[in-house]
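# Descriptive analysis of the structure
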Amino acid sequence: MRVLAGLDDDEELWRRWLTCEWVRRFERGTCTPEDFAAGVVADWGLSVSGEAFLAEFREWLVGPLPGAEELVTQTRTAGVPVAVLSNTNRVHWEAGAGRWPLVGLFDRAFLSFEVGMVKPDREIFDHVVADLGVEPEQVLFLDDNRLNVDAARAAGLQAERVVGVSEARDALTTAGVL
């Protein structure tokens, strides 16, 4: 997307992506892949067709980071329930994300296209906390996006921005989870 949009700043790219109404609709499960692609192309002023964008978008799925399965397993072995809260969509889920062994390691999976809500909206954090039956401060939320971390903190969760498995492990250690 960085190349298509001509953006070099990752923070700006993520801000635009997470606040794009077409992305939000699609990841909530409220529009078709074709409508999503046409909307993103128009909204971002991209010089590709909706069909070409959607074909490229399907290829964005790359798989879990090396070491992620081990970290989730280690956390669960420590007696800590582990859940995933992911902005995702049916296209990526059906393209393979739903079959990753990592997914089966989580005690709970909150997928935006299934719950009809997306990060960084407050409602998704409130939903997760209520579903888990815990107080917000009992949840440690790790995410690689500053907007999502700030929103989680505003909802009362413990939240840390981490990039990669090593930083996630460090955050879990600092929090006393591992």
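Scope of this entry: the structure provided in the associated data block. What you are looking at is a predicted structure, and each value in this text was computed from that prediction instead of being measured.

Reading the values: rules and limits
- Residues numbered from 1 in each chain as written.
- Predicted model: local features only at pLDDT ≥ 70, side-chain atom pairs only at ≥ 80, totals over all residues.
- Heavy atoms only, no water.
- Helix = DSSP H or I, 4+ residues; strand = E, 2+ residues; numbered from the N terminus.
- Rg over C-alpha atoms; globule rule 2.2 N^0.38 Å.
- Buried < 20%, exposed > 50% of the residue type's maximum accessible area, 1.4 Å probe, protein only.
- Contact = heavy atoms within 4.5 Å.
- Areas by Shrake-Rupley, 256 points an atom, 1.4 Å probe, with all protein chains shown as cover.
- Lys, Arg positive; Asp, Glu negative; His and termini not counted.
- Charge placed at Lys NZ, Arg CZ, Asp CG, Glu CD.
- Arc of directions from axis to C-beta.
- Polar contact = N/O pair within 3.5 Å; in protein donor to acceptor, adjacent residues only side chain to side chain.
- Pairing = 2+ DSSP bridges.
- Right-handed = clockwise from strand over helix to strand, strands pointing away.
- Salt bridge = Lys/Arg side-chain N within 4 Å of Asp/Glu carboxyl O.

## Remarks on the overall build of the protein chain
Secondary structure assignment for the protein chain yields 11 helices and 4 strands. Relative to the 2.2 N^0.38 estimate, which gives 16 Å for 178 residues, the radius of gyration of the protein chain is 17 Å and therefore close to what a compact globule would have. With respect to the principal axes defined by its C-alpha atoms, the protein chain has extents near 50 × 30 × 30 Å. Burial status across the protein chain gives 37% buried among its 178 residues. Long-range contacts, defined here as pairs at least 24 residues apart, represent 55% of the contacts in the protein chain between residues at least 6 apart. Entry remark: accessible area of the protein chain is about 9500 Å², with carbon and sulfur atoms responsible for 50%. Considering the protein chain, the positive charge centre built from 17 side chains and the negative charge centre built from 30 side chains are found 1 Å apart.

## Observations concerning helix α10 (residues 146-154)
The complete set of buried residues in α10 reads Asn 148, Val 149, Ala 151 and Ala 152. Buried residues of α10, viewed axially, fall in a sector of 165 degrees; they line one side. As for α10, its buried residues are in contact with α2 (10-19), α9 (122-132), β3 (140-143) and β4 (158-161). Residue Asn 145 occupies the N-cap position of α10, its side-chain oxygen lying 2.9 Å from the main-chain nitrogen of Leu 147. One or two residues past the end of α10 sits Gly 156, with phi positive at roughly 95 degrees.

## Here's the deal with the pairing of β3
The alternating pattern of β3 places Phe 141 and Asp 143 on a buried face and Leu 140 and Leu 142 on a face that is not buried. Where β3 lies against β4, 4 bridges are found, and the strand directions are parallel. Counterpart to Leu 140 in the pairing with β4 is Gln 158. Traced from β3 through α10 to β4, the parallel crossover comes out right-handed.

## Looking at the side chain of Glu 27
By the element assignment, Glu 27 lies in helix α3 (residues 21-28). This buried residue, Glu 27, is left without a salt bridge; Lys 119 holds the nearest opposite charge, at 8.1 Å. Excluding anything up to four places from it in sequence, Glu 27 contacts Trp 17, Asn 87, Thr 88, Asn 89, Ser 112, Phe 113 and Val 118.

## A look at α2
For α2, every residue scored as buried is listed here: Leu 13, Trp 17 and Leu 18. Projected down its long axis, α2 shows its buried positions confined to an angular sector of 120 degrees, all on one face. The backbone nitrogen of Glu 11 lies 2.9 Å from a side-chain oxygen of the residue at the head of α2, namely Asp 9.

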